[in-house]
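Notes for the structure review
This is what each chain is made of:
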Amino acid sequence: MSPFATRITLSSPDQTTAFAERLGARLQPGDVLLLEGSIGAGKTHFARSLIQSRMEYPEDVPSPTFTLVQMYEADTCEIWHADLYRLSMPDEVVELGLTEAFDNAICLVEWPDRLGDLTPANALRLAFTQGKDEDEREVALTWTCGKWAERLKGAFDD
Ligand SMILES: Nc1ncnc2c1ncn2[C@@H]1O[C@H](COP(=O)(O)OP(=O)(O)OP(=O)(O)O)[C@@H](O)[C@H]1O
Ligand SMILES: [Mg+2]
(Lines give C-alpha, C1' and ligand atoms only; values in the text may rest on other atoms or scores of the structure.)
(Ligands and ions follow the chains in the order given, each with its own letter.)
Protein backbone atom coordinates (compact mmCIF):
# COMPACT_ATOMS: atom_id res chain seq x y z
CA MET A 1 0.00 0.00 0.00
CA SER A 2 1.32 3.48 -0.81
CA PRO A 3 2.48 5.74 2.06
CA PHE A 4 -0.49 7.94 1.24
CA ALA A 5 -3.14 5.44 2.21
CA THR A 6 -4.15 3.19 5.06
CA ARG A 7 -7.19 1.09 5.97
CA ILE A 8 -8.97 0.29 9.20
CA THR A 9 -11.73 -2.20 10.03
CA LEU A 10 -14.33 -1.08 12.60
CA SER A 11 -16.47 -3.96 13.79
CA SER A 12 -19.03 -1.97 15.82
CA PRO A 13 -20.35 1.57 16.31
CA ASP A 14 -18.27 1.72 19.53
CA GLN A 15 -15.10 0.94 17.58
CA THR A 16 -15.98 3.74 15.17
CA THR A 17 -16.40 6.06 18.16
CA ALA A 18 -13.00 5.05 19.55
CA PHE A 19 -11.37 5.62 16.15
CA ALA A 20 -13.05 9.04 15.84
CA GLU A 21 -11.78 10.03 19.30
CA ARG A 22 -8.25 8.91 18.53
CA LEU A 23 -8.13 10.76 15.22
CA GLY A 24 -9.99 13.76 16.64
CA ALA A 25 -7.38 14.29 19.36
CA ARG A 26 -4.78 14.87 16.62
CA LEU A 27 -6.67 17.46 14.60
CA GLN A 28 -5.76 21.14 14.42
CA PRO A 29 -7.37 24.24 12.89
CA GLY A 30 -7.14 24.04 9.09
CA ASP A 31 -7.62 20.26 9.04
CA VAL A 32 -10.42 19.07 6.74
CA LEU A 33 -11.83 15.52 6.74
CA LEU A 34 -13.84 14.48 3.68
CA LEU A 35 -16.26 11.74 4.80
CA GLU A 36 -17.33 9.60 1.86
CA GLY A 37 -19.71 6.65 1.77
CA SER A 38 -23.31 5.80 0.94
CA ILE A 39 -26.37 6.51 3.08
CA GLY A 40 -26.01 4.80 6.48
CA ALA A 41 -22.27 4.20 6.02
CA GLY A 42 -21.49 5.79 9.40
CA LYS A 43 -20.27 9.27 8.44
CA THR A 44 -22.49 11.09 10.95
CA HIS A 45 -21.80 8.54 13.69
CA PHE A 46 -18.06 9.16 13.18
CA ALA A 47 -18.43 12.97 13.03
CA ARG A 48 -20.69 13.10 16.11
CA SER A 49 -18.24 11.01 18.16
CA LEU A 50 -15.30 13.14 17.08
CA ILE A 51 -17.05 16.44 17.83
CA GLN A 52 -18.30 15.29 21.23
CA SER A 53 -14.82 14.13 22.21
CA ARG A 54 -13.44 17.63 21.54
CA MET A 55 -16.17 19.56 23.41
CA GLU A 56 -15.62 20.99 26.85
CA TYR A 57 -19.32 20.74 27.69
CA PRO A 58 -21.53 17.96 26.29
CA GLU A 59 -23.91 19.03 23.55
CA ASP A 60 -26.18 17.24 21.07
CA VAL A 61 -24.72 16.83 17.60
CA PRO A 62 -27.64 16.42 15.18
CA SER A 63 -27.07 15.46 11.55
CA PRO A 64 -26.80 18.69 9.52
CA THR A 65 -29.05 17.15 6.86
CA PHE A 66 -31.21 20.27 6.41
CA THR A 67 -29.05 23.05 7.86
CA LEU A 68 -26.14 21.83 5.65
CA VAL A 69 -23.63 23.13 8.20
CA GLN A 70 -23.47 23.12 11.97
CA MET A 71 -20.75 24.89 13.95
CA TYR A 72 -19.44 23.91 17.39
CA GLU A 73 -17.09 25.65 19.82
CA ALA A 74 -14.61 22.93 20.68
CA ASP A 75 -11.70 22.93 23.13
CA THR A 76 -9.19 24.91 21.04
CA CYS A 77 -11.06 25.97 17.89
CA GLU A 78 -14.33 25.73 16.01
CA ILE A 79 -15.44 22.44 14.48
CA TRP A 80 -17.69 22.67 11.44
CA HIS A 81 -19.83 19.67 10.50
CA ALA A 82 -21.33 19.76 7.00
CA ASP A 83 -23.67 17.45 5.10
CA LEU A 84 -23.71 18.66 1.51
CA TYR A 85 -26.13 16.03 0.17
CA ARG A 86 -28.78 18.69 -0.47
CA LEU A 87 -26.42 21.39 -1.73
CA SER A 88 -27.95 23.01 -4.80
CA MET A 89 -24.91 24.85 -6.20
CA PRO A 90 -21.22 24.60 -5.26
CA ASP A 91 -21.19 28.41 -4.77
CA GLU A 92 -23.49 27.95 -1.81
CA VAL A 93 -20.46 26.52 0.01
CA VAL A 94 -18.87 29.98 -0.05
CA GLU A 95 -22.09 31.65 1.23
CA LEU A 96 -22.28 29.17 4.08
CA GLY A 97 -18.79 30.25 5.16
CA LEU A 98 -17.40 26.78 4.69
CA THR A 99 -14.51 27.73 2.41
CA GLU A 100 -13.30 30.18 5.07
CA ALA A 101 -13.75 27.52 7.76
CA PHE A 102 -11.51 25.17 5.74
CA ASP A 103 -8.63 27.53 6.63
CA ASN A 104 -9.51 28.39 10.23
CA ALA A 105 -11.47 25.53 11.78
CA ILE A 106 -11.56 21.74 11.89
CA CYS A 107 -14.06 20.72 9.19
CA LEU A 108 -15.86 17.38 8.79
CA VAL A 109 -17.67 17.17 5.46
CA GLU A 110 -20.22 14.51 4.48
CA TRP A 111 -20.99 14.15 0.73
CA PRO A 112 -17.79 16.08 -0.21
CA ASP A 113 -18.24 15.20 -3.90
CA ARG A 114 -20.62 18.21 -3.96
CA LEU A 115 -17.64 20.56 -3.40
CA GLY A 116 -16.32 20.14 -6.94
CA ASP A 117 -13.48 22.62 -7.57
CA LEU A 118 -13.77 23.91 -4.00
CA THR A 119 -12.44 20.64 -2.53
CA PRO A 120 -9.40 21.53 -0.40
CA ALA A 121 -6.29 19.84 -1.77
CA ASN A 122 -4.82 19.35 1.72
CA ALA A 123 -7.78 17.34 3.08
CA LEU A 124 -7.76 13.82 4.52
CA ARG A 125 -10.25 11.56 2.72
CA LEU A 126 -12.07 8.82 4.65
CA ALA A 127 -14.16 6.43 2.56
CA PHE A 128 -16.61 4.33 4.61
CA THR A 129 -17.91 1.05 3.19
CA GLN A 130 -19.97 -1.82 4.58
CA GLY A 131 -17.91 -4.65 6.06
CA LYS A 132 -18.71 -8.37 6.09
CA ASP A 133 -21.11 -8.11 9.06
CA GLU A 134 -24.03 -5.76 9.58
CA ASP A 135 -22.13 -3.66 12.13
CA GLU A 136 -18.76 -3.75 10.41
CA ARG A 137 -17.34 -0.84 8.42
CA GLU A 138 -14.12 -0.51 6.44
CA VAL A 139 -12.53 2.92 6.26
CA ALA A 140 -9.93 3.78 3.62
CA LEU A 141 -7.89 6.86 4.50
CA THR A 142 -6.08 8.68 1.69
CA TRP A 143 -4.26 11.97 1.41
CA THR A 144 -1.83 13.87 -0.75
CA CYS A 145 -0.73 16.57 1.73
CA GLY A 146 2.34 15.50 3.73
CA LYS A 147 0.99 16.86 7.05
CA TRP A 148 -1.27 13.79 7.35
CA ALA A 149 1.62 11.33 7.57
CA GLU A 150 2.77 13.35 10.60
CA ARG A 151 -0.72 13.66 12.14
CA LEU A 152 -1.47 9.94 11.72
CA LYS A 153 1.92 8.62 12.88
CA GLY A 154 1.32 5.88 15.48
CA ALA A 155 -2.44 6.47 15.48
CA PHE A 156 -3.34 2.91 14.47
CA ASP A 157 -0.42 0.98 15.92
CA ASP A 158 -2.20 -1.41 18.26
N1 LIG B 1 -19.24 0.10 12.74
C2 LIG B 1 -20.16 1.06 12.63
N3 LIG B 1 -19.78 2.37 12.54
C4 LIG B 1 -20.68 3.35 12.41
N5 LIG B 1 -22.01 3.17 12.36
C6 LIG B 1 -22.45 1.91 12.44
C7 LIG B 1 -21.55 0.81 12.57
N8 LIG B 1 -22.30 -0.32 12.63
C9 LIG B 1 -23.58 0.04 12.54
N10 LIG B 1 -23.70 1.37 12.43
C11 LIG B 1 -24.98 2.08 12.31
O12 LIG B 1 -25.07 2.59 11.00
C13 LIG B 1 -25.78 3.82 11.02
C14 LIG B 1 -24.92 4.90 10.42
O15 LIG B 1 -25.72 6.05 10.27
P16 LIG B 1 -25.12 7.47 9.93
O17 LIG B 1 -26.21 8.46 10.13
O18 LIG B 1 -23.84 7.65 10.66
O19 LIG B 1 -24.82 7.30 8.36
P20 LIG B 1 -24.34 8.41 7.32
O21 LIG B 1 -23.17 7.82 6.61
O22 LIG B 1 -24.13 9.70 8.00
O23 LIG B 1 -25.57 8.49 6.30
P24 LIG B 1 -26.14 9.76 5.48
O25 LIG B 1 -25.49 9.74 4.13
O26 LIG B 1 -27.62 9.48 5.38
O27 LIG B 1 -25.84 11.03 6.23
C28 LIG B 1 -26.12 4.12 12.48
O29 LIG B 1 -27.44 3.68 12.73
C30 LIG B 1 -25.11 3.28 13.23
O31 LIG B 1 -25.58 2.87 14.51
MG1 LIG C 1 -24.92 11.58 7.75
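To keep things clear, this report deals only with the structure shown in the data block. (Residues numbered from 1 in each chain as written. Chains lettered and ligands numbered in written order. Predicted model: local features only at pLDDT ≥ 70, side-chain atom pairs only at ≥ 80, totals over all residues. Heavy atoms only, no water.)

By size, the foremost hydrophobic cluster in this structure holds 29 residues, and its most contacted members are Phe19, Leu33, Phe46, Leu108, Leu124, Leu126 and Leu141. If you tally residues by element for this core, the top one is helix α2 (residues 43-53), at four residues. Beyond its immediate sequence surroundings of up to four residues, Leu33 is in contact with Leu23, Leu27, Phe46, Leu50, Cys107, Leu108, Val109, Leu124, Leu126 and Trp148. (Core = buried A, V, L, I, M, F, W, Y, C linked by side-chain atoms within 4.5 Å. Buried < 20%, exposed > 50% of the residue type's maximum accessible area, 1.4 Å probe, protein only. Helix = DSSP H or I, 4+ residues; strand = E, 2+ residues; numbered from the N terminus. Contact = heavy atoms within 4.5 Å.)

Around the magnesium ion (ligand 2), the protein contributes the donor atoms Thr44 (OG1) and Glu110 (OE), at 2.0 to 2.1 Å from the metal centre. Residue Thr44 is located in helix α2, and its partner Glu110 is located in strand β5 (residues 106-110); the two are separated by 66 residues in the primary sequence. Taken as a pair, Thr44 and Glu110 share a single burial class, namely buried. (Donors = N, O, S within 2.8 Å, 3.2 Å for Na, K, Ca; no water.)

For helix α1 (residues 13-24), which comprises 12 residues, the first-to-last C-alpha distance of 16 Å matches the rise-based estimate of 16 Å (1.5 Å per residue) to within 8%. The complete set of buried residues in α1 reads Thr16, Phe19, Ala20, Leu23 and Gly24. Down the axis, α1 shows its buried residues gathered within 125° of arc, on one side only. (Expected span 1.5 Å × (residues − 1). Arc of directions from axis to C-beta.)

Once that is clear, we can look at unusual backbone geometry. Positive phi is not limited to glycine here, since Leu68 has a value of about 70°. Checked against the element boundaries, Leu68 lands in the loop between α2 and β3 (69-73). The phi dihedral of Trp111 is positive, around 55°, even though this residue is not glycine. Here Trp111 lies in the loop between β5 and β6 (124-130).

Most of β5 sits inside the fold, with five of its five residues counted as buried. On β5, burial covers both faces: Ile106, Leu108 and Glu110 on one face and Cys107 and Val109 on the other are all buried. As defined by bridge partners, strand β2 (residues 32-36) adjoins β5 across four bridges and the pair is classed as parallel. When the bridges of β5 are listed, Leu35 appears paired with Glu110. Bridge count for strand β4 (residues 78-83) against β5 is five bridges, and the pairing is parallel. Counterpart to Ile79 in the pairing with β5 is Ile106. (Pairing = 2+ DSSP bridges.)

Treat this as a map of the structure, not an account of what it does.
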